[in-house]
Amino acid sequence: MDHHTLAKTPPLGWNSWDCYGATVREEEVKGNAEYTAEYLKEYGWEYVVVDIQWYEPGAKSSIYRPFVPLEMDEYSRLIPAVNRFPSAKEGKGFKALADYVHNLGLKFGIHIMRGIPRQAVHANTPILGTEKRARDIAHSNSICPWNTDMYGVDASKEGAQEYYNSLFNLYADWGVDFVKVDDIAASRLYHIHKEEIELIRKAIDQCGRNMVLSLSPGPAPLEYAEDLKANANMWRMTDDYWDHWELLKNMFERCEKWNIHTGPGHWPDCDMLPLGHIGIRSVDGGGGDRWTRFTKDEQVTMMTLWSIFRSPLMFGGELRDNDDWTLSLLTNKEVLHVNQNSHSNRLVYRDEDKIVWTAKDDDDSTYVALFNIGESEHEVGFTWSQLGLQSEKRVKDIWTGQDKGRFIQEYKQILPPHGSALLKLN
């Protein structure tokens, strides 16, 4: 099956990284899944993703412990740490947790690092489906500079495809619906790992289960856009994104460059939404245990950009601690409609700190996003000719629900610093 039949719209879900780093536990995954099912599922949120190092029994934060023993089966495959995921006992892996998530009407995802565990290579353990062993396929000079868990896999070696096949066959048995592969879309040492991406694509295609493939970290190289589309459903345009205004401000340029490559089944990814209660056991991004440092204006600006650009939306905070404001950002049906269903999305213009994007809907409505990324108040507007419009239009602010009135030829609005508006014209 063509993987582009999956993720026809940008995936929506929760990921454990921003709040729990490498340490998330089974009861925390279940709790966030329950919240998603109760408060968010009706709005299209469906993925529950366990991020990095679920196989590390002693993980303490987002700071990785180097060269520590990891939980691994007899075939060189990492498995969940039972002290953190009790339902994984007796070799059951994530099957019980995935079933729990599925029974809530949701989908289950995991994070993996590219490659084969270093401890498998050092012990030269077997690989399922081949007589070759871990040492035969390892690319021991291909390492991740920020995590010591893995060696790369040499795609030219016999047994390399069988190793990845065995991984994804295991994940299919567990009931995994979404796999985020890290240290692969871009690397501080080696650029993109195209050959391992292709091994993974083939492994998913043969495993018998539909799985959305997400590639990290970024920035993924723009010159490989066609390769990324040919193999993955989403890929990061940025390195880890946190609640710093400069990172949000820089995302506008990334969206401009990648916009022509968005489409059904293949989505450039602005990364997770660091909203609500984050940093609980994750020190990455600085700040420790906190509520997002983004102001309310900045939070709306982020959600507006991610929506008009049609990025996947992966919430990073502890959902059960959400206040009414944070929940409102995730449950605005019209904003989510822009993210999920708009088309012809494009930048209208960028004039220093003033930015305007537009998109269309199937009912002939036009969406316009206005942004002020400057440090002082600005009037931001657009003309009908810039949007290809002619007749009078009613303008509605879809964040507030406010009817702005009827206009012809042009519309302008004063925005605060770092502020935005998302409008519907019909």
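Structural data are supplied above this passage.
What comes next is a walk through the structure. These numbers were taken from a predicted model, which means no experiment stands behind them.

The rules behind the values
Residues numbered from 1 in each chain as written. Predicted model: local features only at pLDDT ≥ 70, side-chain atom pairs only at ≥ 80, totals over all residues. Heavy atoms only, no water. Pairing = 2+ DSSP bridges. Helix = DSSP H or I, 4+ residues; strand = E, 2+ residues; numbered from the N terminus. Axes fitted to C-alpha atoms, helices over the stretch in contact; angles between N-to-C directions. Contact = heavy atoms within 4.5 Å. Parallel < 35°, antiparallel > 145°, perpendicular 65-115°, else oblique. Disulfide = S-S within 2.5 Å. Buried < 20%, exposed > 50% of the residue type's maximum accessible area, 1.4 Å probe, protein only. Arc of directions from axis to C-beta.

1. Describing the sheet that holds strand β3 (residues 107-113)
Here is step 1 of the chain: Taken together, the eight strands give an open sheet; going across it, the order is β10-β9-β8-β7-β3-β2-β1-β13, and neighbouring strands pair in parallel fashion. On the outer flanks of this sheet lie β10 (267-269) and β13 (313-315), each paired with one strand and no other. The mean angle between the axes of side-by-side strands here comes to 25°, regardless of whether they run parallel or antiparallel.
Here is step 2 of the chain: Here four bridges tie strand β7 (residues 178-182) to strand β8 (residues 212-215), and the two strands are oriented parallel to one another. Along β8, the bridge assignment pairs V179 with L213.
Here is step 3 of the chain: Its contacts with the sheet place helix α3 (residues 95-103) against β2 (47-50) and β3, and it is angled at close to 140° to β3.

2. Remarks on the packing of helix α10 (residues 296-309) against helix α12 (residues 333-341)
Here is step 1 of the chain: Following both chains from N to C, one finds α10 and α12 inclined at 40°, their axes separated by 6 Å at the closest point. In terms of axis orientation, α10 runs oblique to α12. In contact with W306, S307 and I308 of α10, α12 contributes V335, V338 and N339.

3. Considering the state of the cysteines
Here is step 1 of the chain: Scanning the entire structure with this criterion turns up zero disulfides.
Here is step 2 of the chain: Between C19, a cysteine without a disulfide, and C270, which holds the nearest cysteine sulfur, the sulfur-to-sulfur distance is 20 Å.
Here is step 3 of the chain: You can see C255 has no disulfide; the closest cysteine sulfur is in C270, sitting 3.8 Å from it.
Here is step 4 of the chain: The class of C255 is buried, set by a relative accessible area of 0%.

4. Re α3
Here is step 1 of the chain: Those residues of α3 that fall on the buried side of the exposure criterion are L97, A98 and V101. Considered in projection along α3, the buried side chains sweep an arc of 100° and stay on one side of the axis.
Here is step 2 of the chain: Where α3 is buried, its residues meet α2 (26-40), β2, β3 and α6 (160-174).
Here is step 3 of the chain: Following α3 by one or two positions, G105 adopts a phi angle in the positive range, close to 80°.

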